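Fold and contact review
Each chain, letter by letter, is given below.
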Amino acid sequence: MLNIQVPGLLPTATYQPGALQLMALCLLMGAAALTYHMLIGVAGLLSFGHALYVGAGAYLLGILLERTGMGLIPAMILTLVLVVLLAGLTGSVALRVSGIPFAMVTLAFAQAGSVLVRRNPGSATGGEEGLSLNTEQVPAFLVGVSNTRNLYWLALIVLVLVFAVVTWIQNSRAGRLAEAVRENENRVRVLGLKPYVAKLLVFVVGGTLAACVGMVHLLLQSGAVPKTVSADFTISLLVMVVLGGVGSRWGAVLGGVLYTLLDQRLTVLAQSDTIQAMPAILRVPLSEPLFLLGTLFVLVVLFMPGGLAGFVRRMGARYGGRTNRKKDPVDLLEQSA
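Not measured: the values here are computed from a predicted model. (Residues numbered from 1 in each chain as written. Predicted model: local features only at pLDDT ≥ 70, side-chain atom pairs only at ≥ 80, totals over all residues. Heavy atoms only, no water.)

1. Observations regarding the packing of aromatic side chains
- Inspection of the entire model under this criterion finds 3 aromatic pairs.
- Summarising the aromatic geometry, the rings of Tyr 53 and Phe 203 are spaced 5.8 Å apart at their centres and angled 85 degrees between planes, so their arrangement reads as edge-to-face. You can see Tyr 53 sitting in helix 2 (residues 51-67) and its partner Phe 203 sitting in helix 8 (residues 195-221), a full 150 residues away along the chain. There is no split in this pair, since Tyr 53 and Phe 203 are both buried.
- Ring centres of Tyr 152 and Trp 153 lie 5.1 Å apart, and the angle between their planes is 70 degrees; this geometry places the pair in the edge-to-face category.
- Of the residues examined, Tyr 152 reaches a relative accessible area of 11% and is grouped as buried.
- Take Trp 153: its relative accessible area is 38%, and that puts it in the partly exposed class. (Phe/Tyr/Trp six-rings, centres within 6.5 Å; stacked < 30°, edge-to-face > 60°. Helix = DSSP H or I, 4+ residues; strand = E, 2+ residues; numbered from the N terminus. Buried < 20%, exposed > 50% of the residue type's maximum accessible area, 1.4 Å probe, protein only.)

Below you can see the structure in the form of structure tokens.
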């Protein structure tokens, strides 16, 4: 990796622990946004509870490492099994309804998980202070500031694997069925296919991949905090996907990276002497990172429909002279039926 300075974007040179930590976090949030793309971009499922599975991956792994003395790999495998069961149970209930009722049911599950984490049952979750990582069960090359570069490469590997799995699922028959359900569920039923099964598969796969992100996030941050399970985090994932472009895999990744980078660096910028020295009419809004992120989101929605991916497609069509018209997934299913 090149050891270069990127003033304003990275706190240190690219191969220093501070920059590596931030870049690894950006990669993980890109992967998390990609798992949310599985729901809203593939199956058209607007979930307000996706953070539950990211938090479940982080907290379950942390608890297993702390309470059972298991090694990292066995604990991660057991965590994934438990999350598959959790996603299957909650998904089978939530998918009995659709639209806004579905969103509310997923929100209820996430809120229940958030309350459970904050109440700290059996002193297992750490309550409001969060859960610290038990480093005794973690390989030495993943512990400590000096090994941040290894965590960065681990985050990159997770992003690549998540992207590969999402691409595979989306291009499979089950993925095309889920896309067809998103476009016209009634036509899918007329073909004699089962929309519920396709949506449940996408829901469970998205939740399981989100748990993978949560586990690596635990290692990167050396702990888990209640915010990881909150509805606010799910809203952040939704904003990432919208910024990147709903329906685009690489757009979701780009949106996650951009949002996280801005969220981290705008906080530092808001506390800088330059901002504090400005007149109040400028200082007040510029010292609120969420205000700036919200403004960016509104501008993208108003002037860049389709997000960053949509903007790139339009520029490509304008200057490249090509228009890639996507075939209706329902028509594809009818042709193969």
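After that view, the rundown keeps rolling.
2. Some details on unusual backbone geometry
- Here Asn 120, not a glycine, exhibits a phi torsion of approximately 55 degrees, which is positive.
- With respect to the element layout, Asn 120 can be found in the loop between helix 4 (100-119) and strand 1 (131-132).

3. As for the nonpolar core
- By size, the foremost hydrophobic cluster in this structure holds 91 residues, and its most contacted members are Leu 28, Leu 61 and Leu 72.
- Setting aside chain neighbours within four positions, we find Leu 28 in contact with Ala 155, Val 158, Val 213, Val 216, His 217 and Leu 220. (Core = buried A, V, L, I, M, F, W, Y, C linked by side-chain atoms within 4.5 Å. Contact = heavy atoms within 4.5 Å.)

4. Some details on the packing of helix 6 (residues 173-183) against helix 8
- Interaxial distance between helix 6 and helix 8 falls to 9 Å at its minimum, and their mutual angle equals 110 degrees. On the basis of their axis angle, the class for helix 6 and helix 8 is roughly perpendicular. Remark: the crossing between helix 6 and helix 8 carries left-handed chirality. Note on element contacts: helix 8 touches helix 6 through Pro 195, Ala 198, Lys 199, Leu 201 and Val 202, opposite Ala 174, Leu 177, Ala 178 and Val 181.
- In terms of residue class, the contact of helix 6 with helix 8 is made up of 8 nonpolar, no polar and 1 charged. (Axes fitted to C-alpha atoms, helices over the stretch in contact; angles between N-to-C directions. Parallel < 35°, antiparallel > 145°, perpendicular 65-115°, else oblique. Left-handed = near helix turned anticlockwise from the far one by under 90°. Nonpolar A, V, L, I, M, F, W, Y, C, P; charged D, E, K, R; others polar.)

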